[in-house]
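Geometric and topological summary
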Amino acid sequence: MTGPSRSGGSRARLERLERLARLARLGPCTDRGRLLLVLLLVAAVTAFTATVPLLRGFFDLRVYYGTVHTWAHHGGRIYDYRVPGTVYGFTYPPFAAVAMLPLALLGRAAAIAVSLLVNLAALTAVLWILAGPGRRRDWYRWALCLCLLALFEPLRDTFSFGQVNLVLLALVLVDCLLLTTGRGRWAGAGIGLAAAVKLTPALFIGLLLLAGRRRAAALATAVAAAATGLAAWADPAASRFYWTEALWDTGRVGRLDYVSNQSLQGVLARLGEPGRPLWASAVLLTLGVWAWRARRAAAAGDWPAAFALTGIAACLVSPVTWVHHLVWLLPSFAVLVRAGRPWIAGALYAVLCTSVVWLWSGDASGLDGFLGANAYVWVSLGLLFALPAGQPRADRPPLARSASATAPAPSPVRPATTAAGDQSESSSEAGAPAAATGAADGSAREGGRSPSSEPTGSTCPAAAKPQSSSARASSYTVSPPSA
């Protein structure tokens, strides 16, 4: 039964490759035509981003910048700083402030420029890892991918807020690359650094434990602990306040029922059920599904799918997942395309380009509000349950393949034609495009909506601001000085 089964799997993969090849042939065939198409798309995307989405004014970067300047130059405390005129301050672990100390040497304009360059470098690293070998030198597909990514709302907001999630995603995917290619000696270091900056990536340590990668899990834990210890040495009071008070106060981050919170907790809060027991039950069920699927994917050596599932689960179980945090879904679209399901990837990607959830920013009641205001949560849940996982990677080195994926010995009656066919097919599949595709529907936005003063807002009216629970208002109320 092994021979027919492998032959059927090979035929199915070849059919997927043929479908992808037909899709690739839909565009222009000459370099001049491709260049013209790319220039037209760049013009369209530029017009869209300049007129439809609201820019965020680098609000989160202002939080980082002001916190670091107050701490380094004025003797202020990390968690006391508030952006002038708002109640928003620093919410990350203390090591994040230590890592951002170079901002203290920069002026505002230079800090914005550095933020854009760092995010662009992180995006390049993410795409390079997700693309896989065989597609990293194809300028045309890279250009198309960048145009499509410019429409992706979480990515737009990441750049416009000056956020750090893209950098953390790049750190985590470096470990994914090391495990995929069988060079896992230093795997875990990127996850540990990311978890020290923000708690959400700590779930990837759980993935390493589920997969039996104890050395990588230990390294990730050690790196996170060392970074946290460094922050405690640099500012013991800030560390004590964060781990004993700030960490447990979600009010410091934002209002749980605000439409930008696309997590399970956000859904329950908008239903008027923010209680912890119900949320904890939903989290446990979600983590159960994640553990089952991610463990199977890792056991098959399908690390991209395992990491994609972990990013999805982290967004769902976090108490607060703002829309810009959903850059963690990017690996799942690459997995869908790799599995020969580009149309599904495109449809789900398009939903995340439309900013549809903001249509219910003022009132999320009723069935339409339940479905529409939580649209991104439904996308995440669908990916968690249905993302193709456990498929052997064609671009893994032989030593990294699991024993179950090893080809059987050729029969003396029938020469090893099947194995040769599999080899040929695998080498072809390694070149399958892995960058996510999608189309944006700019018409989903209502042109009549006024710009929002809400830092986590999109094209929506201003909402009531979440309140900070800290009574430790900063005495530093003026704008941080420019260098």
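Thresholds, definitions, all that
- Residues numbered from 1 in each chain as written.
- Predicted model: local features only at pLDDT ≥ 70, side-chain atom pairs only at ≥ 80, totals over all residues.
- Heavy atoms only, no water.
- Phe/Tyr/Trp six-rings, centres within 6.5 Å; stacked < 30°, edge-to-face > 60°.
- Helix = DSSP H or I, 4+ residues; strand = E, 2+ residues; numbered from the N terminus.
- Buried < 20%, exposed > 50% of the residue type's maximum accessible area, 1.4 Å probe, protein only.
- pLDDT = per-residue confidence, 0-100.
- Contact = heavy atoms within 4.5 Å.
- Patch = residues over 30% accessible without salt bridge, like charges linked within 9 Å, V, L, I, M, F, W, Y side chains within 5 Å.
- Areas by Shrake-Rupley, 256 points an atom, 1.4 Å probe, with all protein chains shown as cover.
- Salt bridge = Lys/Arg side-chain N within 4 Å of Asp/Glu carboxyl O.
- Core = buried A, V, L, I, M, F, W, Y, C linked by side-chain atoms within 4.5 Å.

1. Description of the packing of aromatic side chains
Scanning all chains against the criterion turns up 17 aromatic pairs. Ring centres of phenylalanine 152 and tyrosine 349 lie 4.8 Å apart, and the angle between their planes is 10°; on these two criteria the pair is classed as stacked. Of this pair, phenylalanine 152 sits in the loop between α6 (139-149) and α7 (153-161) while tyrosine 349 sits in helix α17 (residues 342-351), and the two are 197 residues apart along the sequence. Side by side, phenylalanine 152 and tyrosine 349 carry an identical accessibility label, which is buried. Considering the side-chain rings of phenylalanine 204 and tryptophan 328, the 5.7 Å spacing of their centres and the 35° angle between planes classify their relative orientation as tilted. Residue phenylalanine 204 is located in helix α10 (residues 203-210), and its partner tryptophan 328 is located in the loop between α15 (303-317) and α16 (330-338); the two are separated by 124 residues in the primary sequence. One exposure class covers both phenylalanine 204 and tryptophan 328, and it is buried.

2. Some words on the confidence of the model for the protein
Detailed reading of the predicted coordinates is not advisable wherever pLDDT is low. Mean pLDDT over the protein works out to 78, with 72% of the residues at or above the 70 mark. Note on residues 457-483: pLDDT is under 50 here. Beyond four places in sequence and across chains, it has 83 contacts.

3. A few points about a nonpolar patch on the surface
Together, Leu35, Leu39 and Trp139 give the surface a local cluster of nonpolar side chains, amounting to about 310 Å² of exposed area. Take leucine 35: it is sitting in helix α2 (residues 31-51).

4. Brief notes about the nonpolar core
Nonpolar side chains in soluble globular proteins tend to be buried together. By size, the foremost hydrophobic cluster in this structure holds 122 residues, and its most contacted members are Tyr64, Phe90 and Phe307. At eleven residues, α15 tops the list of elements feeding residues into this core. Non-local contacts of phenylalanine 90, meaning those with residues more than four positions away in its chain, are made with Val63, Tyr64, Thr67, Ile78, Tyr79, Tyr81, Ala96, Ala97, Met100 and Arg252.

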